[in-house]
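Listed below, chain by chain, are the residues.
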Amino acid sequence: MNPPPTPDPTPTPHPHHEPDAPRDLVGIGIGPANLSLAALAHPLGDLDTAFYDQRPAFGWHTGLLIEGATIQVPFLADLVTLADPTSPWTFLNYLRSRERLFPFYFAERSHIQRAEYDAYCRWVSESLPGLHFGHQVDAVRWDPERDLFEVDFTQLDTDGEAEALGRTYTRNVVLGIGTEPHIPDPLKPLVEAPGVPVLHAADYLDHRAALLAAEHVTVVGIGQSGAEIFLDLLRNRPAGREKLHWLGRTEAFAPMEYSKLGLEHFTPDHTRYFHALPETARDRLIAGQWQLHKGIDAATIAAIHDELYRRTLHGGWPDAVLTPGVRVRTAGRVATTKVELHLEHARQDSRSRLTTDAVVLATGYRERPLDRLLAGLDPYMRRDSQDRPRVDEEYRLVLDPSVTGTAYVQNAETHTHGVGAPDLGLVAWRGAIILNSLTGREAYTLPRRTAFTTFGLTQRRQVPPPREAPALTPLVDDRR
Ligand SMILES: Cc1cc2nc3c(=O)[nH]c(=O)nc-3n(C[C@H](O)[C@H](O)[C@H](O)COP(=O)(O)OP(=O)(O)OC[C@H]3O[C@@H](n4cnc5c(N)ncnc54)[C@H](O)[C@@H]3O)c2cc1C
């Protein structure tokens, strides 16, 4: 028997869009942030939207979909639920469409596997209209004559080669271009040279077989990705001959903050408090909050300890070295098949060298710079004292008042909105704020209070009121 078909919620926006007619909103990037926005915009019906992504299809950190690894937020932090649990694009409705609701109910799992989150998002991306994969956006400009943004893109073929150039026009844009892997400068030459496998954690699964076969493997970085990769290698290398090093700069294998009140830093209430602080206070605060997002989740730490312990049951210790507080100063190749890492322990003021056959750099991610895409908006952009774009409470880039369109950002605003900017738990809420702002009405009713903690002594208004409605494309397309 076939499973029930994917829901086809009406209306389908603007099937008769003419190529040069301006859209209401163009989204750049289709990661969870813009996919959520697209899913929340869809039932509104009166918005003419299009979203572009350079990849051939949706994929969520595909190199790290390690079997058994889970997301760090409960499944209710799906693309829509925290703004609209009645949406057809909920995770529960995905399970329903796959006839998996009963098994999920008995599994009693709040934190679903990474691979399942990816599959759910793909289901949404394959069902929603108006998403254009294989489109790399090259530039966004403001046309003051037409009062429109021009968005230039390159259409890519299935091999990622340029196939055609195109341009679309829009009254508003939303950038959801996410993050890119970060490799510290001293290690960059290693990755560029061929021979020994030296790779960023983002590419782990593509190289997993080579890493399992390597004589000795070093994982650099003791955050969540480093922990998941170390665990996977540990579980799959022979007992007594693990030959693994796991090193990182942080001074401990620090657990990620996951207490109930600690999690309230990922609420709209904390976001509003943070946004209202002066720039210098925000910068100081965010530096002190690293354990809210950069540690390792307690379940992964427990699983690593369990696996290490299991390997001592028959006598002996696993051949694995776990050392925090270590920085890789420089690195070089030895002959053609090995790498030498020059290590430093700051507290001990000691140095040593480590020869290894493969290196995984779990050295994190950085926000993709907006400036590459937005060079054409530079004259209009307002910046803070460190030259970062200013972003207002409704996720709008602060632009010169002569620009009548709006450029929204998603997950590029940690410096203005705090630790919650990349968090999946705030994706639906932020999407709803953007849609309320864009439509000038309360398209989504949002809660006025979201935390038991009262952040700060003085309170600000709780939900930004809708601003004056911008000119939107009418519901009935009269351009035919
Ligand atoms: C490995 C990893 C695991 C994580 N796990 C969690 C978790 O468990 N829980 C949690 O709350 N957060 C997690 N995060 C935080 C992260 O912010 C979210 O997972 C999420 O991916 C952010 O979504 P996004 O849409 O902002 O960006 P992304 O997912 O990075 O998507 C951005 C998209 O933009 C596209 N793009 C970029 N430039 C262009 C261009 N010029 N033209 C067209 N397309 C473009 C990219 O191809 C990409 O598809 C994790 C992050 C990482 C790196």
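Conventions we followed
Residues numbered from 1 in each chain as written. Predicted model: local features only at pLDDT ≥ 70, side-chain atom pairs only at ≥ 80, totals over all residues. Heavy atoms only, no water. Buried < 20%, exposed > 50% of the residue type's maximum accessible area, 1.4 Å probe, protein only. Helix = DSSP H or I, 4+ residues; strand = E, 2+ residues; numbered from the N terminus. Pairing = 2+ DSSP bridges. Axes fitted to C-alpha atoms, helices over the stretch in contact; angles between N-to-C directions. Parallel < 35°, antiparallel > 145°, perpendicular 65-115°, else oblique. Left-handed = near helix turned anticlockwise from the far one by under 90°. Contact = heavy atoms within 4.5 Å. Nonpolar A, V, L, I, M, F, W, Y, C, P; charged D, E, K, R; others polar. Near = heavy atom within 4 Å. Areas by Shrake-Rupley, 256 points an atom, 1.4 Å probe, with all protein chains shown as cover. Lys, Arg positive; Asp, Glu negative; His and termini not counted. Salt bridge = Lys/Arg side-chain N within 4 Å of Asp/Glu carboxyl O. Core = buried A, V, L, I, M, F, W, Y, C linked by side-chain atoms within 4.5 Å. Domains from an automatic or database assignment. Buried area = accessible area lost by both parts, 1.4 Å probe. Right-handed = clockwise from strand over helix to strand, strands pointing away.

**Some words on the pairing of strand S18 (residues 406-409)**
Stage number 1. Residues Thr 406 and Tyr 408 of S18 are buried on one face, and the alternating residues Ala 407 and Val 409, pointing to the opposite face, are buried as well.
Stage number 2. Of the strand pairs in this sheet, strand S7 (residues 172-175) and S18 are connected by four bridges, and their pairing is parallel. Pairing of Val 174 across the sheet is with Tyr 408, part of S18.

**Quick word on the packing of helix H1 (residues 32-41) against helix H13 (residues 427-439)**
When two helices pack together, their arrangement is given by the angle between their axes and by how far apart the axes lie.
Stage number 1. One way to put it is that H1 packs onto H13 with a least axis distance of 9 Å and a crossing angle of 55°. What the angle tells us is that H1 and H13 run oblique. In the packing of H1 onto H13, the handedness of the crossing is right-handed. Here H1 contributes Pro 32, Ala 33, Ser 36, Leu 37, Leu 40 and Ala 41 to the contact with H13, which in turn contributes Val 427, Ala 428, Arg 430, Gly 431, Ala 432, Ile 434 and Leu 435.
Stage number 2. Grouping the constituent residues of the contact of H1 with H13 by class yields ten nonpolar, two polar and one charged.

**Brief notes about the site of the ligand**
Stage number 1. Of all residues adjacent to the ligand, which total 29 residues, the nearest are Asp 53, Gln 72, Asn 411, Pro 422 and Leu 424.
Stage number 2. Coverage of the ligand by the protein amounts to 91% of the 1000 Å² it exposes when considered alone.
Stage number 3. Counting residues per element, the ones that place at least two in the shell around the ligand are H1 and strand S4 (135-143).
Stage number 4. If one sorts the elements of the shell around the ligand by residue count, S4 sits on top with three residues.

**A short note on unusual backbone geometry**
Stage number 1. Although it is not a glycine, Lys 243 sits at a positive phi angle of roughly 45°.
Stage number 2. On the secondary structure map, Lys 243 appears in the loop between helix H7 (224-236) and strand S11 (244-248).
Stage number 3. In this structure, Ala 335 is a non-glycine residue whose phi angle is positive, near 50°.
Stage number 4. Residue position: Ala 335 is located in the loop between strand S13 (326-334) and strand S14 (338-345).

**Considerations on the side chain of Asp 84**
Stage number 1. Within the secondary structure layout, Asp 84 lies in the loop between strand S2 (49-52) and helix H2 (91-97).
Stage number 2. Buried and unpaired, Asp 84 has no salt bridge, with Arg 441 as the nearest side chain of opposite charge at 11 Å.
Stage number 3. The residues contacting Asp 84, other than those within four sequence positions of it, are Leu 40, Thr 90 and Tyr 444.

**Structural notes on the sheet that holds strand S15 (residues 350-356)**
Strand-to-strand pairing in sheets goes through backbone hydrogen bonds, with the strands running parallel or antiparallel.
Stage number 1. The antiparallel open sheet is built from three strands, whose spatial order is S13-S14-S15. The open sheet has two edge strands with one neighbour each: S13 and S15. When strand polarity is set aside, the average angle formed by the axes of neighbouring strands in this sheet is 20°.

**Quick word on the nonpolar core**
Stage number 1. In terms of nonpolar packing, the biggest core is built from 51 residues, with Leu 35, Tyr 117, Tyr 120, Val 124 and Leu 435 touching the most fellow members.
Stage number 2. Of all elements in the fold, only H1, H2, helix H4 (114-127) and H13 reach the threshold of two or more residues within this core.
Stage number 3. Ranked by residues supplied to this core, first place goes to H13 with eight residues.
Stage number 4. Beyond its immediate stretch of four places on either side in the chain, Tyr 117 contacts Pro 32, Trp 60, Ile 71, Ala 77, Leu 79, Ile 112 and Leu 424.
Stage number 5. The next biggest cluster of nonpolar side chains, apart from the first, holds 27 residues, and it includes Ile 66, Leu 244, Ile 296 and Ala 358.

**Looking at the domain arrangement of the chain**
Stage number 1. We note that the domain assignment places domain 1 (25-178 + 368-439) and domain 2 (181-256 + 294-364) within the chain.
Stage number 2. Of note, the centres of domain 1 and domain 2, computed from C-alpha atoms alone, are 32 Å apart.
Stage number 3. Across the boundary between the two partners, domain 1 contributes nine residues, which contact twelve residues of domain 2.
Stage number 4. Together domain 1 and domain 2 conceal approximately 760 Å² of surface at their shared face, both sides included; 60% is due to carbon and sulfur atoms.
Stage number 5. The largest per-residue losses of area from domain 1 upon contact with domain 2 belong to Leu 64, Ile 66 and Gln 72, which jointly make up 61% of the total buried on that side.
Stage number 6. In this structure, Glu 228 engages Arg 114 in a salt bridge whose closest nitrogen and oxygen atoms are separated by 2.9 Å.
Stage number 7. Classifying every residue of the side of domain 1 that touches domain 2 by side-chain character gives four nonpolar, four polar and one charged.

**A look at the pairing of S2**
Stage number 1. The alternating pattern of S2 places Thr 49 and Phe 51 on one face and Ala 50 and Tyr 52 on the opposite face, and all of these are buried.
Stage number 2. Direction of pairing for strand S1 (residues 25-28) relative to S2: parallel, over a ladder of four bridges. Looking at S2, one finds that Ile 28 is bridged to Tyr 52.
Stage number 3. Read as a crossover between parallel neighbours, the route from S1 over H1 to S2 is right-handed.

**Some words on helix H8 (residues 268-276)**
Stage number 1. Along H8, seven of the nine residues are buried, which leaves the element largely enclosed by surrounding structure.
Stage number 2. Those residues of H8 that are buried lie in contact with helix H9 (279-288), helix H12 (414-417) and H13.

**Some remarks on the side chain of Glu 279**
Stage number 1. If you trace the backbone, Glu 279 turns up in helix H9.
Stage number 2. Of the residues examined, Glu 279 reaches a relative accessible area of 19% and is grouped as buried.
Stage number 3. Ignoring anything within four residues of it in the chain, the contact list for Glu 279 reads Asp 384, Ser 385, Gln 386 and Arg 388.

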